[in-house]
Amino acid sequence: LDKYRLLYTSFVRCMKYLAQIREDALSGRAPSYIDYGIAGSNSQGDQSGIKRTLQDFLSKAKLKIDGDLSSAEESSSSEEPQRVVAGVASMPAEAPRKKRKLNLNKSKKEKTPKIGRSMITDRLLGPSASGQPGNLELPWSCAIYSIVNWMVSFSDVEGIQTLCMKVLPYILENEQQRQTAQRAGLTDIVLQAMVLFPDSVQLHTAAFHTLVLLARPLGGREGMLFHSAMILTGIFCGQHSTHPKSGIAIMVESMKRFEENEVLQAMSCWALVNVALAPAQKAELVKLGGIKATLNAMRRHPFSAEVQFRALFALINLVIPSVRLNRDDTNEAGIQEIRDVPDSSERESIDESVSDIALLVVRAMKNFCSSEAILNRACLVLHNLSLTQSYHSLMLWTPNCYQMLEWCLTNYRTDQVLQQSATGTLQRLQLTLSNDEDLRTRFTQHIQSQQQATLFEAHREALRLHQRHEELTNRSQQLGSETG
């Protein structure tokens with residue numbers, strides 16, 4: 001009974017608290033948080049009257065709780081004992097508390113979940129002795145710790161896990177909260193929930209959204225485009241995290257399991273954008289089938305603009321060669337993780353998918369020829385493929401690849417990134433053609449055959465439209481004669 005009472009009380013207060021956090025985020029209310037001593041955070045200056053520190057908040061809360069307890073004791077000594085609301089923190093006043101035994105069983109102690117010390121969680125998990133509900137007007141600095149404690153305490157409750165992960169993105173938009181969450185081991189907790197509830201598409205979608213924010217680079221832009229901007233460490237390489245392979249394998253497996261769900265595929269591809277920024281994570285992601293999972297999302301949802309955009313964005317970083325880092329540029333742990341992944345396996349995985357990548361990228365460009373954002377990312381993918389000379393012949397033989405690059409240059413002159421990437425790709429392909437006369441001859445014939453095939457298809461489409469128009473005209477005439 002105590003377990004279900006704890007579950008119910010915690011769930012109610014969890015819903016109210018998370019709703020308050022979400023409302024604050026949507027209304028643009030400035031978050032209140034304290035300086036945890038994180039590098040780069042500026043806590044100088046007098047901020048009294050603007051932001052309440054956690055220490056002040058807890059001291060005021062303690063005085064209020066002590067007052068409630070003293071009033072409860074006085075009322076319990078009166079003629080009729082006060083009835084206390086049933087909850088986690090509520091116990092009959094006359095019931096003596098049992099002292100804990102010092103010689104606890106070590107095996108039982110190891111099985112209990114490790115919960116961080118958070119007075120805020122204690123306030124929220126149950127009402128006070130007087131029956132008053134916990135205070136919901138909490139500073140944002142308390143949110144991460146409370147949510148982590150809930151997710152650890154109720155790791156077997158799908159509803160609480162999903163509820164917490166749905167509100168986490170609103171908090172993790174704040175960089176300091178994101179750094180606190182990474183240090184608290186939130187990544188492992190999210191991945192554990194994905195393993196415990198493998199068939200919940202709602203939970204997995206919320207988990208991918210949380211991983212999007214957790215993997216976002218600190219102090220950087222979303223989805224840096226080129227290898228010169230890639231960072232070493234990632235969300236699977238922290239002190240609280242497991243080996244990168246386990247977390248990335250869970251993500252790829254989820255993409256395969258829910259391949260028909262459009263929303264999840266778009267969110268998972270978005271997560272891969274930031275995960276692939278860390279070289280060790282990117283190499284492991286390619287090796288475990290991240291490119292194939294991304295291409296499968298594009299193949300399954302060819303007319304979903306969100307899936308195509310996120311998938312193209314993920315491929316930008318996945319198809320470029322890995323960065324070889326010097327020992328002086330990083331720590332020993334990061335170097336060892338990169339060395340554990342052979343360069344040959346990553347290169348072989350990319351080589352196997354080059355034809356499919358070029359084909360699906362060109363198809364996305366044709367299906368969304370009016371979307372500048374999608375064409376921008378598509379040109380960047382082709383640009384990064386063209387950095388490897390051995391891929392030039394495959395790109396040249398991909399139907400309409402060369403023509404679509406020229407078409408983008410002509411129709412989107414104001415997009416500087418698109419202009420640079422498309423121009424660079426065409427120049428590399430033209431250089432390859434100029435150095436091989438036989439290849440140039442065959443490519444010219446290939447272009448001519450494509451043009452003839454395009455004209456033939458256009459002619460067939462015109463005939464179909466003409467026949468359809470005649471059928472409609474004849475039908476309307478028949479209906480007119482019958483009514484007349």
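Residues numbered from 1 in each chain as written. Predicted model: local features only at pLDDT ≥ 70, side-chain atom pairs only at ≥ 80, totals over all residues. Heavy atoms only, no water.

**Details of the overall build of the protein**
Here's step 1: Of the regular secondary structure elements, the protein holds 21 helices and 0 strands.
Here's step 2: Counting every position in the protein, which comprises 484 residues, the buried fraction comes to 44%.
Here's step 3: Once local pairs closer than 6 in sequence are excluded, the contacts in the protein between residues at least 24 apart make up 78%.
Here's step 4: Element-wise, carbon and sulfur atoms account for 52% of the exposed surface of the protein, whose accessible area totals about 26,800 Å². (Helix = DSSP H or I, 4+ residues; strand = E, 2+ residues; numbered from the N terminus. Buried < 20%, exposed > 50% of the residue type's maximum accessible area, 1.4 Å probe, protein only. Contact = heavy atoms within 4.5 Å. Areas by Shrake-Rupley, 256 points an atom, 1.4 Å probe, with all protein chains shown as cover.)

**Re helix H11 (residues 262–275)**
Here's step 1: Look at H11: 20 Å from first C-alpha to last across 14 residues, which is about the 20 Å you get at 1.5 Å a residue.
Here's step 2: In terms of burial, H11 is a largely internal element, 12 of the 14 residues being buried.
Here's step 3: All of the buried residues in H11 are Leu264, Gln265, Ala266, Met267, Ser268, Cys269, Trp270, Ala271, Leu272, Val273, Asn274 and Val275.
Here's step 4: Of the residues that open H11, the one with a side-chain oxygen 3.3 Å from the backbone nitrogen of Val263 is Asn261. (Expected span 1.5 Å × (residues − 1). Polar contact = N/O pair within 3.5 Å; in protein donor to acceptor, adjacent residues only side chain to side chain.)

**A word on helix H19 (residues 401–411)**
Here's step 1: Looking only at H19, the buried set comprises Cys401, Tyr402, Met404, Leu405, Cys408 and Leu409. Projected down its long axis, H19 carries its buried residues within an arc of 165°, all on one side. (Arc of directions from axis to C-beta.)

**Re the environment of Arg300**
Here's step 1: Secondary-structure assignment places Arg300 in helix H13 (residues 290–300).
Here's step 2: Measuring from C-alpha to C-alpha, the distance between Arg300 and Gln265 comes to 9.5 Å, with 35 residues separating the pair along the chain.
Here's step 3: Among residues more than four places away in sequence, those in contact with Arg300 are Glu259 and Glu260.
Here's step 4: Within polar-contact distance, the side chain of Arg300 engages the side chain of Glu260 at 2.6 Å.

**Quick notes on the side chain of Thr425**
Here's step 1: With respect to the helices, strands and loops of the structure, Thr425 is situated in helix H20 (residues 416–434).
Here's step 2: By relative accessible area, Thr425 is classed as buried at 0%.

**Some words on the side chain of Ser349**
Here's step 1: Tracing the backbone through its elements, the reader meets Ser349 in helix H16 (residues 343–367).
Here's step 2: Assessed through its relative accessible area of 19%, Ser349 is described here as buried.
Here's step 3: Discounting residues that sit within four places of it in the chain, Ser349 has contacts with Val286 and Lys287.

**Description of the packing of aromatic side chains**
Here's step 1: This model, assessed by the stated rule, comprises 4 aromatic pairs.
Here's step 2: Where Trp407 meets Tyr412, the ring centres are 6.1 Å apart and the plane angle is 65°; that geometry is what we call edge-to-face.
Here's step 3: Members of the aromatic cluster, each reached through a chain of ring pairs, are Trp397, Tyr402 and Phe443.
Here's step 4: The ring of Trp270 has Arg310 sitting right over it, with the charged end atom 4.1 Å from the ring centre.
Here's step 5: Seen from the ring of Phe313, Arg377 lies directly overhead, with NZ or CZ sitting 4.8 Å from the centre. (Phe/Tyr/Trp six-rings, centres within 6.5 Å; stacked < 30°, edge-to-face > 60°. Lys NZ or Arg CZ within 6 Å of the ring centre and 35° of its normal.)

**Brief notes about the packing of helix H17 (residues 372–385) against H20**
When two helices pack together, their arrangement is given by the angle between the helix axes and the distance between those axes.
Here's step 1: Where H17 contacts H20, the axes come no closer than 9 Å and their chain directions differ by 35°. Taken as a pair, H17 and H20 cross one another with a handedness that is left-handed. Where H17 approaches H20, its residues Leu375, Asn376, Cys379, Leu380, Leu382 and His383 are matched on the opposing element by Val417, Leu418, Ser421, Ala422, Thr425 and Arg428.
Here's step 2: Of the residues in the contact of H17 with H20, the class split is 7 nonpolar, 4 polar and 1 charged. (Axes fitted to C-alpha atoms, helices over the stretch in contact; angles between N-to-C directions. Left-handed = near helix turned anticlockwise from the far one by under 90°. Nonpolar A, V, L, I, M, F, W, Y, C, P; charged D, E, K, R; others polar.)

**Points about unusual backbone geometry**
Here's step 1: The phi angle at Asn400 is positive, at roughly 70°, despite the residue not being glycine.
Here's step 2: Turning to its location among the elements, Asn400 is positioned in the loop between helix H18 (392–396) and H19.

**Some details on the state of the cysteines**
Here's step 1: In this structure the tally under the stated criterion is 0 disulfides.
Here's step 2: Considering cysteine sulfurs only, Cys408 is the nearest to Cys369, which forms no disulfide, with 9.1 Å between them.
Here's step 3: Cys379 provides the cysteine sulfur closest to Cys408, a residue in no disulfide bond, and the two sulfurs are 4.1 Å apart.
Here's step 4: Overall, Cys408 belongs to the buried group, its relative accessible area being 0%. (Disulfide = S-S within 2.5 Å.)

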